[in-house]
Amino acid sequence: MSLSKKRAINWTDVMQNNYGEPKITLHSGKGLIVTDVDGKKYLDFLGGIATNVLGHAHPVIVRAVSKQVATLGHVSNFYSHPSGVALAEKLQELTGDNTARVFFCNSGAEANEAALKLSRKTGRSKIVATKGAFHGRTMGALSLTGQPSKRNPFKPLLKKIKHVTFGDISEMRKAVNSKTAMVIVEPIMGEAGVVVPPLGYLKELRTLCSENGVLLVFDCVQTGMGRTGTWFGFEDEKIRPDVITLAKGLGGGLPLGAMITLGSNSPRFEPGEHGTTFGGNPVATAAGLAAIEYLAKNRILASVKSYEKRLKIKLGAIRGVSEVRGRGLLLGIGLDGSYAKALASKLADRGVLVNAPNEETIRIAPALIVSTLQIDKFINVFSQCMQEVERG
Ligand SMILES: *Cc1c(COP(=O)(O)O)cnc(C)c1O
């Protein structure tokens, strides 16, 4: 067919099938409401997978992006630019550590690749990660990822990476020694179905890594940027890792990732050791800065904590819900059977978007600017769908 002839866009005719053909084609969004190409509206409780902290088309993001792209769009890292430095300064401030140093990239996988590469500078090469963890899909990040279904088709992966049970400190103790370069964990495992480690686990990891001179890396790609009611997702344990990786919510909906080293003893990249063309681009960093400033100015993180309480109490009382895991607005609703995918698709029919990371869990990660009214609407529709769904 000639290109000049108009035809309906057919996803399968032009796309790789790695995602499978999506059932919904979205056209526009405002706040937490998205509209598909047929005009049907949805309450977006997935938020681009924990990414749209300010929802869709937030005026603050629109203004920051429009202004930046009209002023200076992209320059590469041969040049510095004000919004990149300003966002790095803001992130340093949020870590509370003026020795923190930021490397910007475009995604979570790239942030973890940077951490992985940085860990080689310790002169050690053994790495310990956890089973079930998700750290990204590139070959290095996939080597850290602890999910056999994603790893196995692409072996061989990087060597000397051991995966231990998440939350089990004694297994971790057996795996970590003075030859270990780094330990990487998610403060809460997101893709695995919102799995929270026992209280004290992260603190014990900190002690173990310090004793062995091992870099402790917290992958805060999903838990970061206010999602859990704190800026990074590990603050409740009152400890500090050596490296933080961020992406998802960091760009306020634009592609942006970061690897941040903490403390003056952490290794740092020197000129020529690492880089990226787009990473920390003016437009993405302007959006990221605008998002953080808005969240801070309007004390949104406090409301994230109160929404957590409301959701946990009300969802937990619904028949068929076995538990509600997670923190802040990153919650996994555990079901009493294997019907999460059917439930997610029923919710979509009823105009609510969520996802099912596995057959027993519904994950929600709505924009942090969600209203109480929208929270209650979600609970209502969820409860109705639970009554109707065929329990498998
Ligand atoms: C999503 C995610 C990643 C990968 O991020 P991409 O931007 O998809 O590369 C890494 N780690 C965690 C914890 C994530 O949730």
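Residues numbered from 1 in each chain as written. Predicted model: local features only at pLDDT ≥ 70, side-chain atom pairs only at ≥ 80, totals over all residues. Heavy atoms only, no water.

Enquirer: How should helix α11 (residues 300-316) be read in this particular structure?
Expert: Counting along an α-helix, one turn takes 3.6 residues, and residues three or four places apart therefore face a common direction. The end-to-end C-alpha separation of α11 is 24 Å, in line with the 24 Å expected for 17 residues at 1.5 Å each. Looking at the buried positions of α11, the neighbouring elements they touch are α10 (282-297), β11 (321-327), β12 (330-335), β15 (361-364) and α13 (372-388). (Helix = DSSP H or I, 4+ residues; strand = E, 2+ residues; numbered from the N terminus. Expected span 1.5 Å × (residues − 1). Contact = heavy atoms within 4.5 Å.)

Enquirer: I tried to follow empty space enclosed by the protein on my own but got confused; where do I start?
Expert: Unoccupied space between atoms shows up once a probe the size of one water molecule is rolled over them. Taken as a whole and judged by the stated rule, the model has one cavity of 30 Å³ or more. Size it by volume and the largest cavity reaches roughly 30 Å³. Lining the largest cavity are His74, Val75, Ser76, Asn77, His81, Thr277, Phe278, Gly279, Gly280, Asn281 and Pro282. (1 Å grid on protein atoms, 1.4 Å probe; cavity = no way out; pocket = protein on both sides within 12 Å on 5 of 7 lines; lining within 4 Å. Points joined across faces, edges and corners; volume = space filled by probe spheres on them.)

Enquirer: What is the right way to look at the nonpolar core in this model?
Expert: As a rule of thumb, soluble globular proteins bury nonpolar side chains together. One finds Met172, Val183, Leu246, Leu343, Ile362, Phe378 and Phe382 to be the most contacted residues of the largest nonpolar core, which totals 89 residues. Ranked by residues supplied to this core, first place goes to α10 with eight residues. Ignoring any residue separated from it by four or fewer positions in sequence, one finds leucine 343 in contact with Leu335, Ile362, Phe382, Cys385, Met386 and Val389. With 17 residues, the next largest nonpolar core counts Ala114, Ala129, Leu144 and Val243 among its residues. (Core = buried A, V, L, I, M, F, W, Y, C linked by side-chain atoms within 4.5 Å. Buried < 20%, exposed > 50% of the residue type's maximum accessible area, 1.4 Å probe, protein only.)

Enquirer: Looking at this model, I keep getting lost on the side chain of serine 143. Mind explaining?
Expert: With respect to the element layout, serine 143 can be found in helix α6 (residues 139-144). Serine 143 has contacts with Arg151, Leu157, Leu158, Ile161 and His163, leaving out every residue within four places of it along the chain.

Enquirer: Whenever I open this one, helix α4 (residues 82-95) confuses me. Can you help?
Expert: Over its 14 residues, α4 extends 20 Å from the first C-alpha to the last, a length consistent with the 20 Å expected when each residue adds 1.5 Å. When α4 is considered as a whole, its buried residues turn out to be Ser83, Gly84, Leu87, Ala88, Lys90, Leu91, Leu94 and Thr95. Considered in projection along α4, the buried side chains sweep an arc of 160 degrees and stay on one side of the axis. In α4, those exposed residues whose orientation departs by more than 90 degrees from the buried face are Pro82, Glu89 and Glu93. On its buried face, α4 is in contact with α3 (59-71), β4 (101-105), β9 (243-246), β10 (257-261) and α10. Where α4 terminates, the next one or two residues include glycine 96, which has phi positive at roughly 70 degrees. (Arc of directions from axis to C-beta.)

Enquirer: Sorry, what's going on with the environment of aspartate 236 here?
Expert: Secondary-structure assignment places aspartate 236 in the loop between β8 (215-219) and β9. C-alpha of aspartate 236 to C-alpha of glutamate 388: the two residues are 152 residues apart in sequence and 38 Å apart in space. Once you skip the residues sitting within four places of it in the chain, aspartate 236 turns out to touch Thr230, Lys305 and Arg327.

Enquirer: Can you walk me through the layout of surface pockets in this structure?
Expert: Its boundaries defined by the atoms lining it, the largest pocket holds a volume of some 2100 Å³. Lining the largest pocket we find 50 residues, and of these Tyr19, Leu46, Ile49, Asn355 and Arg363 sit closest to its centre. Here the lining of the largest pocket takes five residues from helix α12 (residues 340-349), the largest share from any one element. Residue composition of the lining of the largest pocket, grouped by class: 21 nonpolar, 17 polar and 12 charged. (Nonpolar A, V, L, I, M, F, W, Y, C, P; charged D, E, K, R; others polar.)

Enquirer: Where do I start with the sheet that holds strand β13 (residues 352-353) in this structure?
Expert: What links the strands of a sheet is backbone hydrogen bonding, and the strands pair in either a parallel or an antiparallel sense. Here four strands make up an open sheet; going across it, the order is β1-β2-β3-β13 and the pairing mixed. With one partner strand each, in any of the chains shown, β1 (26-30) and β13 form the two edges of the open sheet. One ladder, built from four bridges, connects β1 with strand β2 (residues 33-36); its direction is antiparallel. Residue serine 28 lies in a different strand from β2, and its bridge partner there is threonine 35. (Pairing = 2+ DSSP bridges.)

Enquirer: How should I be thinking about the domain arrangement of the protein in this particular structure?
Expert: Interface size is commonly expressed as the accessible surface area that is lost when the partners come together. Once the domains are mapped, the protein shows domain 1 (3-57 + 301-391) and domain 2 (72-297). In this structure, domain 1 and domain 2 have C-alpha centres spaced 26 Å apart. Listed as interface residues are 26 residues of domain 1 and, on the opposing side, 25 residues of domain 2. At the boundary of domain 1 with domain 2, total buried surface from both sides reaches about 2200 Å², with 60% on carbon and sulfur atoms. On the domain 1 side of the contact with domain 2, Leu301, Arg327 and Leu330 bury the most area, a combined 32% of that side's loss. If you look at where domain 1 meets domain 2, you find three salt bridges. Taking the shortest distance from any N to any O, the salt bridge between aspartate 236 and arginine 327 comes out at 3.8 Å. (Domains from an automatic or database assignment. Buried area = accessible area lost by both parts, 1.4 Å probe. Salt bridge = Lys/Arg side-chain N within 4 Å of Asp/Glu carboxyl O.)

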